[in-house]
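# Analysis of the macromolecular model
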Amino acid sequence: MDQTTADGTDASGQNRYPFAKHVSAATHTLRETRKAWPGLSLYERFEEVVVVVLTALIGLVIIAAMVNLCFRIVLLVIFGLLDPAEHTVFQAVFGMIFTVLIALEFNHSILSVLHRQESIIQLRTVILIALLALARKFIILDASKTEPLTIMGLAAAVLALGAVHWLVRDQDRKDTQTAAEGSTKMPD
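Now for a description of the structure that goes with this document. Each chain has its residues counted from 1, running along the sequence as written. For this predicted model, a pLDDT threshold of at least 70 governs which residues receive local features, and a threshold of 80 or more governs which side-chain atom pairs are given and counted, while totals over whole chains, interfaces and linings are taken from all residues. The basis for every side-chain value is the complete set of non-hydrogen atoms in the structure, without hydrogens or water.

## Comments concerning the overall build of the protein chain
Rules: Numbering of helices and strands runs from the N terminus; a helix is a DSSP stretch of H or I covering at least four residues, while a strand is a stretch of E covering at least two. Only protein chains enter the area calculation, which uses a 1.4 Å probe; residues under 20% of their type maximum are buried, those over 50% are exposed, and those in between are partly exposed. Note on contacts: a residue pair is in contact if any heavy atoms of the two residues lie within 4.5 Å.
When its secondary structure is counted, the protein chain shows five helices and zero strands. Listing the helices and strands of the protein chain from first to last along the sequence gives α-α-α-α-α. Here the protein chain holds 188 residues, and 21% of them are scored as buried. The contacts in the protein chain between residues at least 6 apart in sequence include a share of 59% that link residues at least 24 apart.

Listed below in structure tokens is the structure:
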């Protein structure tokens, strides 16, 4: 008789349920939230409820986007329209893939709030999501039909966001280094 453990693995260590790890992580997160609930202020409880609802809604958007992406790719393959030489098809497909990736990153940033690892708004995450959105825009952009000023504006936005990300990352690195140096000093 084949026995499966609580984490979805069988006796050989193989994962019988592909989403068992994610379900287990979600269950663990909800359990931790329930444990922390009595010690939270009214506003912190409000934040927790909002984060759970937003996570569920974004999850639905991700599922809908994935179903749409799979459906469109299957149709393109069935009807033979997935021609490697046709750049507009690849632009559309990669645009849809980037949409899913952006939603996943957005959901991940919200989940970090639920794990009590971060505050509500993480500047670096918002900048990275904006950079992903701009990368998506460049991928789906038809340069022959787009005004040069628009392309220059998008390029300037990428450069500005890249510079801000570099500054924030550099500041985070300095803060981490300062904290590490402070914790290694011996008291007199």
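That shown, we press on.
## Focus on the environment of R72
Relative to the elements of secondary structure, R72 occurs in helix α2 (residues 42–78). R72 sits in the partly exposed class, given a relative accessible area of 44%. Sequence separation between R72 and M96 is 24 residues; the distance between their C-alpha atoms is 9.7 Å.

## Focus on the packing of aromatic side chains
Counted only if it meets this: Stacked, tilted and edge-to-face are the three classes assigned to paired rings of Phe, Tyr and Trp, where Trp is represented by its six-membered ring and a pair needs centres within 6.5 Å; plane angles under 30 degrees give stacked, over 60 edge-to-face, the rest tilted.
On inspection of all chains with the given rule, the structure shows one aromatic pair. For the pair Y43 and F46, a centre-to-centre distance of 5.9 Å together with 40° between the ring planes defines the contact as tilted. Here Y43 and its partner F46 are both found in helix α2, three residues apart, which amounts to about one turn of the helix.

## A closer look at helix α4 (residues 123–140)
Formally: Expected span of a helix, by definition, is 1.5 Å for each gap between consecutive residues, and there is one gap fewer than residues.
Given a rise of 1.5 Å per residue, 18 residues ought to cover 26 Å, and the 26 Å separating the end C-alpha atoms of α4 matches this to within 8%. Regarding α4, the residues found buried are T125, I127, I129 and L134.

## Overview of the nonpolar core
Quick note on the threshold: Joining through side-chain atoms within 4.5 Å is the link that ties buried Ala, Val, Leu, Ile, Met, Phe, Trp, Tyr and Cys residues into a set, and such a set is a nonpolar core.
Counting six residues, the largest nonpolar core consists of V51, I58, I62, V100, A103 and I110. Excluding its chain neighbours within four sequence positions, the residues that come into contact with I58 are A103, F106, N107 and I110. Listed in part, the five residues of the second largest apolar core include L69, L76, V89 and V93.

## Side note on the side chain of H165
Of note, H165 is situated in helix α5 (residues 148–184). In contact with H165, other than residues within four places in its own chain, are R124, I127 and L128.

## Observations concerning the environment of A135
Mapped onto the elements of the fold, A135 is located in helix α4. In this structure the C-alpha to C-alpha distance between A135 and G95, which are 40 residues apart in sequence, comes to 9.2 Å.

## Focus on α2
If you check α2, its first and last C-alpha atoms are 54 Å apart, about what 37 residues at 1.5 Å a residue would give, namely 54 Å. Of all the residues in α2, the buried ones are E48, V51, T55, I58, G59, I62, L69 and L76. G80 sits one or two positions beyond α2 and adopts a positive phi of about 70°.

## Points about the pattern of salt bridges
This is how it is decided: For this analysis, a salt bridge means a side-chain nitrogen from Lys or Arg found within 4 Å of a carboxyl oxygen belonging to Asp or Glu.
Counted by the stated rule, this structure contains one salt bridge. We note a salt bridge from D142 to K145, for which the minimum N-O separation is 3.9 Å. Classification of D142 as partly exposed rests on a relative accessible area of 25%.

## Overview of the environment of F98
Mapped onto the elements, F98 comes out in helix α3 (residues 87–114). C-alpha separation for the pair F98 and K137, spaced 39 residues apart in sequence, amounts to 9.4 Å.

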